[in-house]
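Residue-level listing of the chains:
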Amino acid sequence: MAITLGSESVRKGVIPAAGRGTRFLPMTKAVPKEMLPIVDRPAIELVVEEATKAGLDDLLFITATNKQMIEDHFDAAPELELALRSGNKLELLESIERYKQYSRVHSVRQGHPHGLGHAVFQAYRHVGDNPFAVLLPDDLMHPEDPVLEKMIAVREQIGGSVVALLEVTPEQATAYGSAAVTNIPLATNGLEGVAGLQEGDVFRLDRIVEKPPIEEVLSKYASVGRFVLDPKVFEILETLPPGRGGEIQLTDSFQTLIETPEEQGGGVTGVVIRGRRFDTGDKLGYLQAVVEMGLEDPALGEKFREFLTGLSL
Ligand code: G1P
């Protein structure tokens, strides 16, 4: 395997996983929310698989105290491997060794929880002067729409930074980064036929604000879960003052990127998410993810569907 270190293309990913998971207490008292199962795999494994498929070969988890379980999941387990091998349980052995096919993972601790922008800033030495992706593990993207792949293709074509956009109601927009946008026609930007993008999927961001009150929502588009960032963002995050909730907000760094000239790494584009997206950090969103993924599971789907159909709801 060729070893590449610095790169113009997007090869590195950052997965902030330091949050306390308060929306999911008491479950998350001892178990990291990222380790909650979606059928038989922890949610974070699906996110790592998505990153791998999008071509990232190096991932950095931003973790905190009580999160060692995440590292263990992506590590060898010699005793268990030996037991499964000697019991000829090869399918199970394959399932616990699957991590070897994913991007290489590393981790660093956030230390103090000063917000998402602060968490991403912890990646600065690891990522260096390279464009990189950020994947929020609470946002589970169904593989039917590889939005991260589309976002990387957009970055490679037009530069700058790229955020995933979700269509939301004004009430929902108050829980997200709310964006004012202008449509970008694919043809004029060399994006026609690129990564399955359709007309109406790509927007320029004109403004963004974190969790606005309802009367200040900027559009039906919210920035969620997946970001492809120019390394310029580290320079911005280093001196960014606290924003909403007294935390250093990643969204505020996007506003500065919007105001930064393109030749200095500025400019932010949005790509609309066309597939299903689940908020697995929320109890209802988590249950929806488990039911939908359970129904699609090759081994369990049929029986699970029979069971659900038989429920008198
Ligand atoms: C974070 C971001 C917000 C984004 C949301 C969903 O908020 O700050 O801009 O819209 O994730 O991806 P959180 O839900 O962590 O408060």
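Report on the accompanying structure. These figures come from a predicted structure and were not determined experimentally. (Residues numbered from 1 in each chain as written. Predicted model: local features only at pLDDT ≥ 70, side-chain atom pairs only at ≥ 80, totals over all residues. Heavy atoms only, no water.)

Interaxial distance between helix α3 (residues 78-86) and helix α4 (residues 90-97) falls to 8 Å at its minimum, and their mutual angle equals 155°. Considering their axes alone, α3 and α4 lie roughly antiparallel with respect to each other. Considering how the two elements wind past one another, α3 and α4 form a crossing that is left-handed. On α4, the residues that touch Leu80, Glu81, Leu84 and Arg85 of α3 are Leu92, Leu93, Ile96 and Glu97. Tallied by class, residues from the contact of α3 with α4 come to 5 nonpolar, no polar and 3 charged. (Axes fitted to C-alpha atoms, helices over the stretch in contact; angles between N-to-C directions. Helix = DSSP H or I, 4+ residues; strand = E, 2+ residues; numbered from the N terminus. Parallel < 35°, antiparallel > 145°, perpendicular 65-115°, else oblique. Left-handed = near helix turned anticlockwise from the far one by under 90°. Contact = heavy atoms within 4.5 Å. Nonpolar A, V, L, I, M, F, W, Y, C, P; charged D, E, K, R; others polar.)

Bringing the pairing of strand β4 (residues 58-63) into the picture now. Counting buried positions along β4 yields 6 of 6 residues, so the element is predominantly enclosed. Of the two faces of β4, both are covered, the one formed by Asp58, Leu60 and Ile62 as well as the one formed by Leu59, Phe61 and Thr63. Relative to β4, strand β1 (residues 12-16) is paired through 5 bridges, and the arrangement is parallel. Residue pairing in the sheet places Gly13 in a bridge with Leu59 of β4. Pairing of β4 with strand β5 (residues 104-109) involves 6 bridges; the strand directions are parallel. Residue pairing across strands places Asp58 opposite Arg104, the latter belonging to β5. (Buried < 20%, exposed > 50% of the residue type's maximum accessible area, 1.4 Å probe, protein only. Pairing = 2+ DSSP bridges.)

This model, assessed by the stated rule, comprises 24 salt bridges. For Arg226, the salt bridge identified is with Glu50, shortest N-O distance 2.8 Å. Of the two residues, Arg226 is situated in strand β11 (residues 221-229) and Glu50 in helix α1 (residues 43-53); the sequence distance between them amounts to 176 residues. Neither residue differs from the other here; Arg226 and Glu50 are each classed as buried. In this structure, Glu97 and Lys100 form a salt bridge, with 3.4 Å as the shortest nitrogen-oxygen distance. (Salt bridge = Lys/Arg side-chain N within 4 Å of Asp/Glu carboxyl O.)

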